[in-house]
Amino acid sequence: WSVTAAFGLGGITVSAWGPRLPAIKASLGIGTATIGLLLAGATVGAILGLLASTPVLHWLGSRRAVGGALLLMAAAMTVMGLALILGWVPLVAVAFVIIGIGIGTLDVLINVEGSAVERTAGRTLMPMMHAAWSIGVAVGAGIGAACAALGITPAAQLIGEAVVIA
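Residues numbered from 1 in each chain as written. Predicted model: local features only at pLDDT ≥ 70, side-chain atom pairs only at ≥ 80, totals over all residues. Heavy atoms only, no water.

Caption draft 1: Molecular detail of the layout of surface pockets. The volume enclosed by the largest pocket comes to roughly 200 Å³. Together, Ser2, Val3, Ala6, Ser62, Arg63, Val66, Leu70, Glu113 and Val117 line the largest pocket. When residues in the lining of the largest pocket are grouped by element, the largest group, four residues, is from helix H4 (residues 62-86). Looking at the lining of the largest pocket, its residues break down into five nonpolar, two polar and two charged. (1 Å grid on protein atoms, 1.4 Å probe; cavity = no way out; pocket = protein on both sides within 12 Å on 5 of 7 lines; lining within 4 Å. Points joined across faces, edges and corners; volume = space filled by probe spheres on them. Helix = DSSP H or I, 4+ residues; strand = E, 2+ residues; numbered from the N terminus. Nonpolar A, V, L, I, M, F, W, Y, C, P; charged D, E, K, R; others polar.)

Encoded structure:
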């Protein structure tokens, strides 16, 4: 169940900031091209995380590595929220790269751990775990949309979600 929960939390983290991109763009006074570069930073970070996942797994073990990846993403969301409050685009960019690293690392780790859980259980469980990721994505997008509708700032939303994820 903890691996399934990690899948769900990963999904929430991936979609937490997506619905808020228009508000982030407006609050920072940046253009669409800059938003594209910020998103590219998350993609570059994810690739780095994918590459780092195996050494991290061997260094920390699966339990600490999964927890560490989730905490890294929560920390990046907090930094992103604080950077939005400060209006500092370079720090927002760093937060996007770090959240990408966490997402890429977590993706590999939860799939490796999910596979181990399946072997131990002797039955197929990965479809349920991947469904938890998809449910998490929907929940995260819903939270973002609800916060936007309620007038909650992206910074407050991201910091609040980071606390819940941590």
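Caption draft 2: Seen up close, the packing of aromatic side chains. Overall, the coordinates contain one aromatic pair when judged by the stated rule. Ring centres of tryptophan 17 and phenylalanine 96 lie 5.1 Å apart, and the angle between their planes is 75°; on these two criteria the pair is classed as edge-to-face. Here the residue tryptophan 17 occupies a position in the loop between helix H1 (2-15) and helix H2 (21-28), and phenylalanine 96 occupies one in helix H5 (residues 89-121), the gap between them amounting to 79 residues. The buried category is assigned to tryptophan 17, whose relative accessible area is 10%. By relative accessible area, phenylalanine 96 is classed as buried at 0%. (Phe/Tyr/Trp six-rings, centres within 6.5 Å; stacked < 30°, edge-to-face > 60°. Buried < 20%, exposed > 50% of the residue type's maximum accessible area, 1.4 Å probe, protein only.)

Caption draft 3: Representation of H1 within the structure. Compared with the 20 Å implied by 1.5 Å per residue over 14 residues, the 20 Å span of H1 between its first and last C-alpha is a close match. In terms of burial, H1 is a largely internal element, ten of the 14 residues being buried. Taken residue by residue, H1 has Val3, Thr4, Ala6, Phe7, Gly8, Gly10, Gly11, Ile12, Thr13 and Ser15 as its buried positions. (Expected span 1.5 Å × (residues − 1).)

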